[in-house]
Amino acid sequence: MTQDSYSIIPLREFVTSMTKLVEQTNEESILIKETATHLLKLISKDNWLPDFCTIPHPEFYQQYLLHADPLERFSVVSFVWGPGQKTPMHDHCTWGLIGMLRGAEKGQRFKYNAAGKLAIDGPETMMKPGDIETVSPSIGDIHIVSNAFSDKTSISIHVYGANIGAVKRHVYIQETGEVKNFVSGYSSTQVPNLWDRSSEVRSQLN
Ligand code: FE2
């Protein structure tokens, strides 16, 4: 997609809707339900993600920040999965929604069993464009995610209930039960410019 062929408007509208939402409530169940509605609308079309937020890395999956709320009540991230790339087993320590935009993604959830060991929680899932999944400490927060394709890039749009690049969270080593602290960070110093509305306003000039 060329720089000229996308419109940032759907992302700006999503950010505006999310900002209104976090102003209205901090109740997780409502935030998840309403975010799902907004995210479904955002990923229903694949014509708005700037090119620089779609670039894979040969070795590592990429996390491009699309927007962080100034009060860190939510963040929006473009996850770009190169062929065959996958996460370690990890958690989020906040609520989060994953919306599939391009390609496909596999997910496997884990939880602690009665013996205190990490065990598979349900079947592996396959997300296709338009699909949404939810994570949170209250409903299941530990998973492994991977690109379902070994020969092409996949992209998912993630929304979290915090600035996810500043959240202390964990990776899990299933074989040993070891839990390590980590902070995920972002893959670029740039964020999309949501705010150049000049052509729209100019068109309304007399
Ligand atoms: Fe995750």
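Our subject is the structure listed above.
Residues numbered from 1 in each chain as written. Predicted model: local features only at pLDDT ≥ 70, side-chain atom pairs only at ≥ 80, totals over all residues. Heavy atoms only, no water.

K.L.:
So what exactly am I meant to see when it comes to helix 1 (residues 9-24) here?
P.N.:
At 3.6 residues per turn, the α-helix brings residues three or four places apart onto the same side. Its 16 residues give helix 1 an end-to-end C-alpha distance of 23 Å, which sits within 8% of 22 Å, the value for a rise of 1.5 Å per residue. Leu 11, Arg 12, Phe 14, Val 15, Met 18, Leu 21 and Val 22 are the residues of helix 1 that are buried. (Helix = DSSP H or I, 4+ residues; strand = E, 2+ residues; numbered from the N terminus. Expected span 1.5 Å × (residues − 1). Buried < 20%, exposed > 50% of the residue type's maximum accessible area, 1.4 Å probe, protein only.)

K.L.:
What am I meant to see in the pairing of strand 4 (residues 96-102) here?
P.N.:
Looking along a regular strand, one sees side chains alternate from face to face of the sheet. Most of strand 4 is tucked away: six of the seven residues are buried. Of the pairings in the sheet, the one linking strand 4 to strand 8 (residues 132-135) comprises four bridges and is antiparallel in character. What sits directly across from Gly 96, in strand 8, is Val 135. The sheet contact formed by strand 4 and strand 10 (residues 154-160) spans six bridges and is antiparallel. Of the residues in strand 10, the one forming a bridge with Arg 102 is Ile 155. (Pairing = 2+ DSSP bridges.)

K.L.:
Please explain the pattern of salt bridges as it appears in this structure.
P.N.:
Should their charged atoms come close, side chains of opposite charge can pair. Within this structure, the stated rule accounts for eight salt bridges. Residue Lys 33 is joined to Glu 34 by a salt bridge in which the shortest nitrogen-to-oxygen separation is 3.8 Å. Judged by relative accessible area, Lys 33 falls into the exposed class, the value being 57%. Residue classification places Glu 34 among the partly exposed residues on the basis of a relative accessible area of 27%. The network of salt bridges with shared partners includes Arg 12, Arg 197 and Glu 200. (Salt bridge = Lys/Arg side-chain N within 4 Å of Asp/Glu carboxyl O.)

K.L.:
Would you explain the side chain of Glu 133 in this entry?
P.N.:
Position of Glu 133 among the secondary structure elements: in strand 8. Residue class for Glu 133 comes out buried when judged on its relative accessible area of 16%. Here Thr 125 takes part through its side chain, which lies 2.7 Å from a polar atom of the side chain of Glu 133. (Polar contact = N/O pair within 3.5 Å; in protein donor to acceptor, adjacent residues only side chain to side chain.)

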